[in-house]
Amino acid sequence: MGLNKELSKTALDEGADFFGVADLSSAHDFIKEQGGKEVASYPRAISLGIRIIDSIVDQLPQREERAVAVNYRHHGYDIINRRLDLLASRISSQIQNSGYEALPIPASERYDDERICAVFSHKLAAHLAGHGWIGKSCMLITPEAGPRVRWITILTDAPLNVTGTSPDEKCGNCTECVDICPVSAFTGSAFKEDEPRETRYDASRCEKYLHEGTKWEVCGLCVYICPHGRKK
């Protein structure tokens, strides 16, 4: 069994819904600008995703009810991120034991408060691995589950086979995520690789909205409303 198949089997056996390998060469400059020289030194990335439970997401229109908000924060965010971190740690050890380097990137840990971003973009890896496209909400949209997926990335120099190509966006004229946002954080512009995130999304508006509410408040309406996720 090749290393790709070994790692994929581990991921899927341990509960991942998505496994893919991305070639990062086309995004080297962007990765270096965001995370630095060390992060940009890895040629490939493994992208892992776990779907959020639909019944939890479908309750988000009632997110002002504490029970709904707490359940989404706990099972739709914290627990899945924990599962992803444990899975990435296990697979990173598997790669290291095979004689290669691996750097797991935490599922949800910010390192730059000013830019409101992590050291590496999980959405970028998922996009380059062929899992989906970047939507008008700046989230990764999959054909299978829309944006109802949490992601994690393992950077590596292992000679893995790239699993897919970046799919074209399929949002078309849809603006449901733009229209439902309570703070109008999205401009409605389609994703373009050569444009900064700010042309599509004001992250500070989301940040302020969540911090001004109660300690258990969540939003997630853009996750809920996407037609690619709501289809059954």
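Residues numbered from 1 in each chain as written. Predicted model: local features only at pLDDT ≥ 70, side-chain atom pairs only at ≥ 80, totals over all residues. Heavy atoms only, no water.

This next bit is on the pattern of salt bridges. For the coordinates displayed, the defined rule picks out 6 salt bridges. Residue lysine 9 is joined to aspartate 13 by a salt bridge in which the shortest nitrogen-to-oxygen separation is 2.7 Å. With lysine 9 and aspartate 13 both in helix α1 (residues 3-13) and 4 residues apart, the pair spans about one turn of that helix. According to the relative accessible area criterion, lysine 9 is partly exposed, its value standing at 46%. Across the pair arginine 148 and aspartate 58 runs a salt bridge, and its minimum N-O distance is 3.0 Å. (Salt bridge = Lys/Arg side-chain N within 4 Å of Asp/Glu carboxyl O. Helix = DSSP H or I, 4+ residues; strand = E, 2+ residues; numbered from the N terminus. Buried < 20%, exposed > 50% of the residue type's maximum accessible area, 1.4 Å probe, protein only.)

Right, let's get into the sheet that holds strand β6 (residues 149-156). Spatially, β1-β2-β6-β3 is the arrangement adopted by the 4 strands of the open sheet, whose pairing is antiparallel. Edge positions in the sheet fall to β1 (18-23) and β3 (102-105), since each of these pairs with one other strand and no more. Each adjacent strand pair in this sheet contributes to an overall mean axis angle of 25°, direction not counted. Bridge count between β1 and strand β2 (residues 44-51): 6 bridges; the pairing is antiparallel. Residue alanine 22 lies in a different strand from β2, and its bridge partner there is alanine 45. Contacts between helix α5 (residues 66-97) and the sheet are confined to β2, β3 and β6, with β6 contributing the most and set at about 20° to the helix. (Pairing = 2+ DSSP bridges. Axes fitted to C-alpha atoms, helices over the stretch in contact; angles between N-to-C directions. Contact = heavy atoms within 4.5 Å.)

It is worth spelling out the side chain of threonine 156 at this point. Secondary-structure assignment places threonine 156 in strand β6. A relative accessible area of 0% places threonine 156 in the buried class. Polar contacts involving the side chain of threonine 156 include one to the main-chain carbonyl oxygen of glutamate 101, which spans 2.7 Å. There is a polar contact of 3.0 Å between the side chain of threonine 156 and the backbone nitrogen of alanine 158. (Polar contact = N/O pair within 3.5 Å; in protein donor to acceptor, adjacent residues only side chain to side chain.)

This part covers the packing of aromatic side chains. For the structure shown, the criterion picks out 2 aromatic pairs. Centre to centre, the rings of phenylalanine 18 and tryptophan 151 are 5.3 Å apart; their planes meet at 50°, and the pair counts as tilted. With phenylalanine 18 in strand β1 and tryptophan 151 in strand β6, this pair connects stretches of sequence that are 133 residues apart. Assigned by exposure class, phenylalanine 18 and tryptophan 151 land together as buried. Sitting above the plane of the tyrosine 77 ring, arginine 73 keeps its charged end 5.5 Å from the centroid. (Phe/Tyr/Trp six-rings, centres within 6.5 Å; stacked < 30°, edge-to-face > 60°. Lys NZ or Arg CZ within 6 Å of the ring centre and 35° of its normal.)

Here we come to unusual backbone geometry. Phi is positive for cysteine 138, close to 65°, though the residue is something other than glycine. For cysteine 138, the position within the fold is in the loop between β4 (133-134) and β5 (140-141). Owing to a relative accessible area of 3%, cysteine 138 belongs among the buried residues under this scheme. Of note, the phi angle at serine 184 is positive, near 50°, even though the residue is not glycine. With respect to the helices, strands and loops of the structure, serine 184 is situated in the loop between α7 (176-180) and α8 (203-211).

Let us now look at α5. For α5, which comprises 32 residues, the first-to-last C-alpha distance of 45 Å matches the rise-based estimate of 46 Å (1.5 Å per residue) to within 8%. The largest bend in α5 is about 25°, located at histidine 74. Of the positions making up α5, those classed as buried are Val68, Ala69, Tyr72, Gly76, Ile80, Asn81, Leu84, Leu87, Ala88, Ile91, Ser92 and Ile95. The secondary structure elements touched by the buried residues of α5 are α1, β2, α4 (54-57), β3, β6 and α9 (221-225). (Expected span 1.5 Å × (residues − 1). Bend = angle between axes of the 7 residues up to and from the residue.)

Purely geometric numbers; function is a separate question.
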